[in-house]
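# Structure at a glance
Next come the chains, spelled out residue by residue.
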Amino acid sequence: MDRIGSQASEFAQVPTTLHGQLFLLAFDPKRGRFDGYDVTLFGYALRAAMLADLYLAGYLVERDGWAVPGRAASPDNLVLRATFAQVGVHNRTTWAQLVAGNAHEAISAVREQLLTEGWLRAGRGAVRAVPVANLEPYDPCRVGVLADAVGGALNDTIAGLPADPYLLAVGLLAVLAQLPGVADVVADADPDRLQELMRGAIAPIPGLTEAIKGRPTW
């Protein structure tokens, strides 16, 4: 079994993938719904989470600024396998381009995976115009535990302390996507320090920053 995004035992009750955890952090506990986020940003962030998972597990590496496969084998997770298959040995695509590629399909792909695996269930107040507004986490308390852990990793890193790289990656991606799961954590954070962390993070995270800057404005 791949160690894709696996965490310590206390996080066994949330998805083991970064994209799965990031999706749950889009849940707004105050409103009790998945809404209030920018759909384009969310799609980009989910794509970056997939790339970050592959990077941290060694499936992707950076060579001369490009993302290339670091392993011959593919990951077991179907969503990550599809993402990994898009990166060839002679890839000449930037991280930002990989983030933006198929971003419009990322939300539905992760949503369906989490529904199949039982992390999401149908909720009340369905809104057809919002892709996930009719869903809720199977256990919102677990999402709260995850948000606290991610927030702790962000706070530790901001303070110059070591933090779990997977939790930190999820946190930085959630900050860039402006997700409610980390809103309270970063409300009082030094924006310059956050920008410094983004620039020094693993390659897919600066790639997300670049993709956001270059996204269409219409």
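Residues numbered from 1 in each chain as written. Predicted model: local features only at pLDDT ≥ 70, side-chain atom pairs only at ≥ 80, totals over all residues. Heavy atoms only, no water.

Let us look at the packing of aromatic side chains. Scanning all chains against the criterion turns up 6 aromatic pairs. Each ring, one from Phe23 and one from Phe34, has its centre 5.5 Å from the other, and the planes form 55°; the classification is tilted. Separated by 11 residues along the polypeptide, Phe23 in helix α1 (residues 18-24) and Phe34 in the loop between α1 and α2 (39-56) bring together distant segments of the chain. Residue Phe23 shares its accessibility class with Phe34, and that shared class is buried. Among the aromatic side chains, those forming a connected cluster through ring pairs are Phe23, Phe27, Phe34, Tyr37 and Phe42. Above the ring of Tyr59, the side-chain terminus of Arg71 is found at 4.2 Å from the ring centroid. Taking the ring centre of Tyr138 as reference, the NZ or CZ of Arg121 above it sits at 5.2 Å. (Phe/Tyr/Trp six-rings, centres within 6.5 Å; stacked < 30°, edge-to-face > 60°. Helix = DSSP H or I, 4+ residues; strand = E, 2+ residues; numbered from the N terminus. Buried < 20%, exposed > 50% of the residue type's maximum accessible area, 1.4 Å probe, protein only. Lys NZ or Arg CZ within 6 Å of the ring centre and 35° of its normal.)

Time to look at the packing of α2 against helix α5 (residues 103-117). Axis separation between α2 and α5 bottoms out at 8 Å; the angle between their running directions is 75°. Between α2 and α5, the angle falls in the class roughly perpendicular. Judged by residue contacts, Val39, Phe42, Gly43, Tyr44, Leu46, Arg47 and Met50 of α2 engage Ala103, Ala106, Ile107 and Val110 from α5. The residue inventory of the contact of α2 with α5, partitioned by class, reads 9 nonpolar, 1 polar and 1 charged. (Axes fitted to C-alpha atoms, helices over the stretch in contact; angles between N-to-C directions. Parallel < 35°, antiparallel > 145°, perpendicular 65-115°, else oblique. Contact = heavy atoms within 4.5 Å. Nonpolar A, V, L, I, M, F, W, Y, C, P; charged D, E, K, R; others polar.)

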